Structure formats: C-alpha cells, structure tokens
Amino acid sequence: MEHVQRQLQQVRQSVRDAAAAAGRGPEEVRLIAVSKTFPAEDVAAAYQCGQRAFGENRVQELEAKAPVLPSDIEWHVIGHLQSNKSAKALEYAAWIHSVNSMKLLQRLDRQAGEMGKHPNILIEINISGEASKSGATVEEAEEMIRYKPHNLRVAGLMTMPPFDADETEQRRIFSELRGLRNRWEQEYGIELPELSMGMSGDFATAIAEGSTMVRIGTAIFGRRNYDVQ
Ligand SMILES: *Cc1c(COP(=O)(O)O)cnc(C)c1O
C-alpha cells in the first residue's frame, strides 16, 4: 500500500504545480482518486493520507467497496451509468459525473426525490463527437442544462478526450467545454462552477484550461489489469 501513498503525494504535488503554472490556487482543483479495479485496501491506504474523494465507474464495484470503507468517503460515479443501476448509484454517490441523457437526468431526479437524496451531478458531453464515447451531444446537453431538476444540483460539465488525442486536441476539447460552461452560465443566468476534466495523462493540460476536478486513477493506484470504460 506504500506505493499508493507515495504516488498519491506525487500526484497531489503535480496537481498543485499545474495549478500554480496556470496562475490558479491549489484549492481550485479537486483531486478525485479513481479506484476502479483496485481493492478496498488501496482506497484505505489513500484515505489514511487524507484523500476523501474517490471515483468508481461501475456501480457494482462501488456497492462492494463503499460499505467496507469509512462512511465519510465522498464517492463519485464517473462511468457510464445504466438506468437500471441509477438508484444504487444514488445510494452511495454524492456526485455523478456521467449524466449523459435527458432520460437519465429525469430518472435520477425522480429517484433522488423518492430517496430523499440531493446529489451533485455533472452533464457529460462528448465534445469530440467520437462514436465510442458516451457523452451527450452539445444540443442534448443544452436541453439538459435548461431542465430544472427538483432534487439534483447540476454543478457543471464533464468530458473526456479520445484516447489517441494529442495535446493540441486535448486542449481544444477542454477549452471548448469551458466555453460552453461560460456561455450557458451567461445565457441562462445559472452557475456551473465545476468542470470535471483531466485524467492521469492529461490533467496538467486540463488544469491549464480551467478544470476544477481531475479524475486520476493510474498515476495513483498503478496500471489496471483490465480496463473498464
Ligand atoms: C478510468 C477513468 C479515469 C481515470 O483514468 P486514468 O487514466 O487511470 O487516470 C477518469 N475518468 C473516467 C471516466 C474513467 O473511466
């Protein structure tokens, strides 16, 4: 577990450095430690170093880990959320980054009401238009932004560049997400403070482009044996 703690400290420093390089304060960027495929012991090791926000992309895995870990962990669902898993996700997650359709948004809103929950959600947008990515189109996302949920706090936007994107392409995608956020805040008189963008390979670029939440797995926990998207 020592490697997790050491790597966590290194990632924290790199996140702080990237914020400083962008002229931003360290408190402006939150680190979400993405623990998918790693055991609860690894989460506990990071927890011991003060890490409280963890990301999982499969509800089944979240359901297995959350009950055996401290209850003050803030769980973030970051992966594609099937509608039959949405209630389970709400049971544990304080944040859902991957709300990618109006149907899911309305379903989560209704279920959160039934469960007396008030989670934070982010609208996931597929900026690159890549077919394999699960985010909403810009048009769908705008419609979702205009929807006024009763039980959810729409906190901002999330995106993920294609795996093979170079730095120029990554930067363009991150900058476009920020542009959409700025435009919609103005146009609809709302606040969308959070931009969830940046992973192990591109978080410095994302921070330079205004990310407020970086979702980092590999750089903290190591390489995954199998990859779940
Ligand atoms: C796995 C995953 C991450 C973390 O990716 P790393 O490259 O391991 O840092 C971030 N966001 C989402 C949506 C993921 O599925």
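Residue positions within a chain follow its written sequence, with the count starting from 1. Totals for whole chains, interfaces and linings use all residues, but because this is a predicted model, local features are given only for residues with pLDDT of at least 70 and pairs of side-chain atoms are given and counted only at 80 or more. Computation of side-chain values: all heavy atoms of the structure, hydrogens and water removed.

Asker: If you had to explain the packing of aromatic side chains to someone new, which residues and values would you point to?
Answerer: By convention, a stacked pair of Phe, Tyr or Trp rings (six-membered ring in the case of Trp) has centres within 6.5 Å and planes under 30 degrees apart, an edge-to-face pair has planes over 60 apart, and any other such pair is tilted. All chains considered together, the criterion is met by two aromatic pairs. Arranged with centres 5.5 Å apart and planes meeting at 25°, the rings of Phe 38 and Phe 221 form a pair that is stacked. Taken together, the residues span a long stretch of sequence, with Phe 38 in the loop between strand E1 (30-34) and helix H2 (40-48) and Phe 221 in helix H9 (residues 218-221) at a distance of 183 residues. The exposure classification of Phe 38 matches that of Phe 221, with both residues buried. To sit over a ring, a charge needs its Lys NZ or Arg CZ within 6 Å of the ring centre and within 35 degrees of the ring normal. Over the ring of Tyr 47 we find Arg 52, and its NZ or CZ is 3.5 Å from the ring centre. Here a strand is any run of E in DSSP of at least two residues, a helix any run of H or I of at least four, and the numbering for each starts at the N terminus. Each residue's exposure class comes from its accessible area (1.4 Å probe, protein chains only) as a fraction of the maximum for that residue type: buried when under 20%, exposed when over 50%, partly exposed otherwise.

Asker: Give a detailed account of the pairing of strand E8 (residues 213-216), specifying residues and quantitative values.
Answerer: Residue alternation in E8 divides its side chains into two sets, Met 213 and Arg 215 and Val 214 and Ile 216, and both sets are buried. Judged from the four bridges that link them, E1 and E8 form a sheet pairing that is parallel. If you follow Leu 31 over to E8, its bridge partner there is Val 214. At least two bridges found by DSSP between two strands are what make those strands a pair.

Asker: Give a description of the pattern of salt bridges that names residues and reports values.
Answerer: Salt bridge criterion: a side-chain nitrogen from Lys or Arg within 4 Å of a carboxyl oxygen from Asp or Glu. Using the criterion set out here, one finds 14 salt bridges in the structure. In this structure, the salt-bridge partner of Arg 52 is Asp 72, at a minimum N-O distance of 3.4 Å. Residue Arg 52 is found in the loop between H2 and strand E2 (53-56), and its partner Asp 72 is found in the loop between helix H3 (59-65) and strand E3 (74-77); the two are separated by 20 residues along the sequence. Taking the relative accessible area as the measure of exposure, Arg 52 reaches 30% and is therefore partly exposed. Residues joined by salt bridges that share partners form a network here, namely Glu 167, Arg 171, Arg 178 and Glu 209.

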